Amino acid sequence: MTAGHDKPRQRPRSVSINAAENLSPAYPQRAAWGTAASLRAWQAEALQRYLSTDPRDFLAVATPGAGKTTFALRVAVEQLARGTVRTITVVCPTEHLKSQWAHAAERVGLQLDPDFTNAQREEGSFFDGVCVTYAQVAANPELHRARTRRRPTLVILDEIHHGGDALSWGDGIRTAFDAATRRLSLTGTPFRSDTAPIPFVEYAPSRDGVRRSRADYTYGYTQALHDGVVRPVMFLSYSGEMRWQTKQGDVVAATLGEPLTKDMAAQAWRTALNPDGDWIPAVLAAADERLTAVRRTIPDAGGLVIATDHKAARAYAQQLDAITGEPTALVLSDDSGASDRIAAFSASDSRWMVAVRMVSEGVDVPRLAVGVYATSTATPLFFAQAIGRFVRARRRGETATVFLPSVPQLLQLAGEMEKERDHALDVPRSSDDGVWDDGALAAANREESASSALDGPGFAPLESDALFDRALFDGGEFGLGAAVGSDEEADFLGIPGLLEPEEVTTLLRQRQAKQSSKRAHTATSPRLDEAHRRRAARKELTSLVAAWARQSGQPHALIYSELRRICGGPEVARASTEQLQERISQVRRWFVGRK
């Protein structure tokens, strides 16, 4: 045993929980992350409930951005002061979060070692405990079991739902912490896409006979939104025409967001996210325009693009560099430099960061105000965690904006932001939860090439363009669609970033009414609007390529590659209808010359 732990250290009692009883739920000048001397109302209530019962196990469910870390560290200080425990072990999903927890603990007088390794076997005597990952515990659960038995220990299990990610993780933390004196489990998303039980969580049968997780304290997004603790989120969705080659060699064209089979919807979605198409550059440009509008009232507001894999993330960063004229922060994995890049971006006023891993629970940048959901993952768990990166409130009136592909699963999840969930056992996981389940997502986080396996050999995105579809806010949908770069799209992108939620709703209604009036006024015009004319031109181009493929026997993808080479000109997203028609004329002439 380390000498410094031979006897309990004398600690001053922490600030009384009653100090917070008269505070508003979100005090005006919010303290830095994890440093609050006074508690928000929900934190004080949860702490009172915890201390009044002093249970061995306690599950606190609080929406991302509400302040779970501050609550947990207050519990730790109280337990150390009472002498109930003598050391703290924090278990979290990522390496970056280890450092984040250690920094937050230091601000309230606790020294946690974020660099502790299994090879050390014991932390230094000057530490109050350690921060480890779930994977680290699973690698040697007996080591952590011995550490936990050596001294009365409080184990804080951050984002406890990760305990069900794999049998090795769940079994590992059960073995390691079964003997813990106290266990405090935290999560912002108490549900999974599967039925793997989460260790140290109580399940009880509900009226339908299904066993569901039972939290000891819950503070959901709806209540946090009402209290002003988190921001409301406005979603801006984009559709468009997609064209791709299937793994059988057929070329398919479809509109993103229209009713499609599951496979077609997934492939259309993947086509939209292809960096070589026109959909993603158009959406990134629109998101940057939105960020510019937000920064007029929130000068340090930043944006985050959530990418599917490393290759796409690098391409998106290059496109943002070209759009903004400044370097984009790129976070690919939780390696030794990733935490530093996140911290540097958080402390700066730079515009954009692109991330693959570390986004679910690892990116804590309160100034994030605009996001682009450029990943092909649609599980409720991942979506909730990803959107949670944008909801942390700093001042009253802030509204977050997240850009989405017009994919039915995502639009449904966006419309259910305020829905409370519990983790259910005994219910088979639906195959319609999303393109990936949580296990596949974890595997993809460990191996960047996993995403390419979704479509199989032979799949090839060909072309895509973007159209503004609609805005979703406060349970409502607004907008009638608009061409990218149009005045109608600009009306939605230009909504101020600092407004009360009811003011945002009013402006969205006004924008929609303006669109409706304009459409009604021009309804008798014999000309199709620009978006419809472009669709007609693209359909004609598709027919020409299909006809030549049948005649020549060449693959569609090879024909499109050759056409892009000979036609040149602007990308489709920025080409006018007249330029598209000229391209079709070039194609016709080329086909005639080849016959």
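Treat the numbers as computed from the prediction; the structure is a model and nothing was measured.

Chemist: Can you walk me through the overall build of the chain in this structure?
Modeler: Scanning the chain for helices and strands turns up 19 helices and 20 strands. Out of the 595 residues belonging to the chain, those deemed buried represent 56%. Of all intrachain contacts in the chain linking residues separated by at least 6 positions in sequence, the fraction that spans at least 24 positions is 76%. On the chain, roughly 24,600 Å² of surface is accessible, and the fraction owed to carbon and sulfur atoms is 49%.

Chemist: Can you help me understand helix 8 (residues 262-273) in this one?
Modeler: Structural remark: α-helix, 3.6 residues per turn; residues separated by three or four positions point the same way. Between its terminal C-alpha atoms helix 8 stretches 17 Å, which fits the 16 Å expected from 12 residues at 1.5 Å a residue. Most of helix 8 sits out of view: 9 of its 12 residues are buried. Among the residues of helix 8, those classed as buried are Ala265, Ala266, Gln267, Ala268, Trp269, Arg270, Thr271, Ala272 and Leu273.

Chemist: Whenever I open this one, the pattern of salt bridges confuses me. Can you help?
Modeler: Scanning the entire structure with this criterion turns up 18 salt bridges. With a shortest N-O distance of 2.7 Å, Asp57 and Arg183 are connected by a salt bridge. With Asp57 in strand 1 (residues 57-62) and Arg183 in strand 6 (residues 182-187), the pair connects residues that are 126 residues apart, well separated along the chain. On the accessibility criterion, Asp57 (26% relative accessible area) is partly exposed.

Chemist: Would you take a moment to explain the confidence of the model for the chain for this structure?
Modeler: Interpreting fine coordinate detail is not advised for predicted regions of low pLDDT. Taken as a whole, the chain shows an average pLDDT of 79; of its residues, 74% reach a score of 70 or greater. Highest mean pLDDT in the chain belongs to strand 5 (residues 153-157) (97); lowest belongs to helix 14 (residues 438-446) (42). Residue range residues 420-454 is modelled with pLDDT below 50. Its contacts to residues more than four positions away, or to other chains, number 83 contacts. Under a pLDDT of 50 for its full length, residues 524-528 has, in the predicted model, 2 contacts with residues more than four places off or in other chains.

Chemist: What is the right way to look at the nonpolar core in this model?
Modeler: Among the nonpolar cores identified, the biggest contains 124 residues, and Phe71, Phe235, Tyr238, Trp279, Tyr316, Phe383 and Phe403 are the most heavily contacted of them. Looking at this core, the element that brings in the most residues is helix 9 (residues 279-295), giving 9 residues. In this view, Phe235 contacts Phe383, Ile387, Val402, Leu404, Ala414, Met417, Arg470, Ala471 and Leu472; residues no more than four positions away in its chain are not counted. The next biggest cluster of nonpolar side chains, apart from the first, holds 20 residues, and it includes Phe116, Leu157, Ile173 and Ile198.

Chemist: Looking at this structure, I do not really get the pairing of strand 16 (residues 400-405). What am I missing?
Modeler: Consecutive side chains of a regular strand alternate in pointing toward one face of the sheet and then the other. Counting buried positions over the 6 residues of strand 16 gives 6, a clear majority of the element. A two-sided burial pattern is seen for strand 16, the buried positions comprising Ala400, Val402 and Leu404 on one face and Thr401, Phe403 and Pro405 on the other. By the bridge criterion, 6 bridges tie strand 10 (residues 233-245) to strand 16 in an arrangement that is parallel. Bridge assignment links Met234 to a residue of strand 16, and that residue is Thr401.

Chemist: What is the right way to read the packing of helix 2 (residues 68-82) against helix 3 (residues 95-107) from this model?
Modeler: Between two packed helices, what matters for the description is the angle formed by their axes and the separation of those axes. Contact geometry of helix 2 with helix 3 gives a least axis separation of 10 Å together with a crossing angle of 55 degrees. As the angle between them shows, helix 2 and helix 3 are arranged oblique. Remark: the crossing between helix 2 and helix 3 carries right-handed chirality. Contact with helix 2, carried on its side by Thr69, Ala72 and Leu73, involves Trp101, Ala104 and Ala105 of helix 3 and no other residues of that element. Of the residues in the contact of helix 2 with helix 3, the class split is 5 nonpolar, 1 polar and no charged.

Chemist: Where do I start with the packing of aromatic side chains in this structure?
Modeler: Aromatic ring pairs are reported here in terms of the distance separating the ring centres and the angle at which the planes meet. All told, the structure shown has 12 aromatic pairs when counted by the stated rule. An angle of 75 degrees between the planes, with centres 5.2 Å apart, marks the rings of Tyr50 and Phe58 as edge-to-face. Each of the two residues, Tyr50 as well as Phe58, counts as buried. Ring pairs connect the aromatic residues Trp42, Tyr50, Phe58, Phe71, Tyr217 and Tyr219, which therefore count as one cluster. Above the ring of Phe200, the side-chain terminus of Arg183 is found at 4.1 Å from the ring centroid.

Chemist: Where do I start with the sheet that holds strand 1 in this structure?
Modeler: The pairing of strands in a sheet comes from backbone hydrogen bonds and takes either a parallel or an antiparallel form. Reading across from one edge, 3-4-2-5-6-1-9 is the order of the 7 strands in this open sheet, with parallel pairing throughout. Two strands in the sheet have a free side with no partner beyond their single neighbour: strand 3 (112-113) and strand 9 (217-219). Bridge count between strand 1 and strand 9: 3 bridges; the pairing is parallel. Paired with Ala60 across the two strands is Tyr217, which belongs to strand 9. Sheet strands touched by helix 1 (residues 41-53): strand 1, strand 5, strand 6 and strand 9. Its angle to strand 9, the strand with the most contacts, is close to 175 degrees.

Chemist: Help me out: how do you make sense of the environment of Thr175 in this one?
Modeler: Of note, Thr175 is situated in helix 6 (residues 167-177). Accessibility expressed as a relative area gives 26% for Thr175, which makes it partly exposed.

The rules behind the values
Residues numbered from 1 in each chain as written. Predicted model: local features only at pLDDT ≥ 70, side-chain atom pairs only at ≥ 80, totals over all residues. Heavy atoms only, no water. Helix = DSSP H or I, 4+ residues; strand = E, 2+ residues; numbered from the N terminus. Buried < 20%, exposed > 50% of the residue type's maximum accessible area, 1.4 Å probe, protein only. Contact = heavy atoms within 4.5 Å. Areas by Shrake-Rupley, 256 points an atom, 1.4 Å probe, with all protein chains shown as cover. Expected span 1.5 Å × (residues − 1). Salt bridge = Lys/Arg side-chain N within 4 Å of Asp/Glu carboxyl O. pLDDT = per-residue confidence, 0-100. Core = buried A, V, L, I, M, F, W, Y, C linked by side-chain atoms within 4.5 Å. Pairing = 2+ DSSP bridges. Axes fitted to C-alpha atoms, helices over the stretch in contact; angles between N-to-C directions. Parallel < 35°, antiparallel > 145°, perpendicular 65-115°, else oblique. Left-handed = near helix turned anticlockwise from the far one by under 90°. Nonpolar A, V, L, I, M, F, W, Y, C, P; charged D, E, K, R; others polar. Phe/Tyr/Trp six-rings, centres within 6.5 Å; stacked < 30°, edge-to-face > 60°. Lys NZ or Arg CZ within 6 Å of the ring centre and 35° of its normal.

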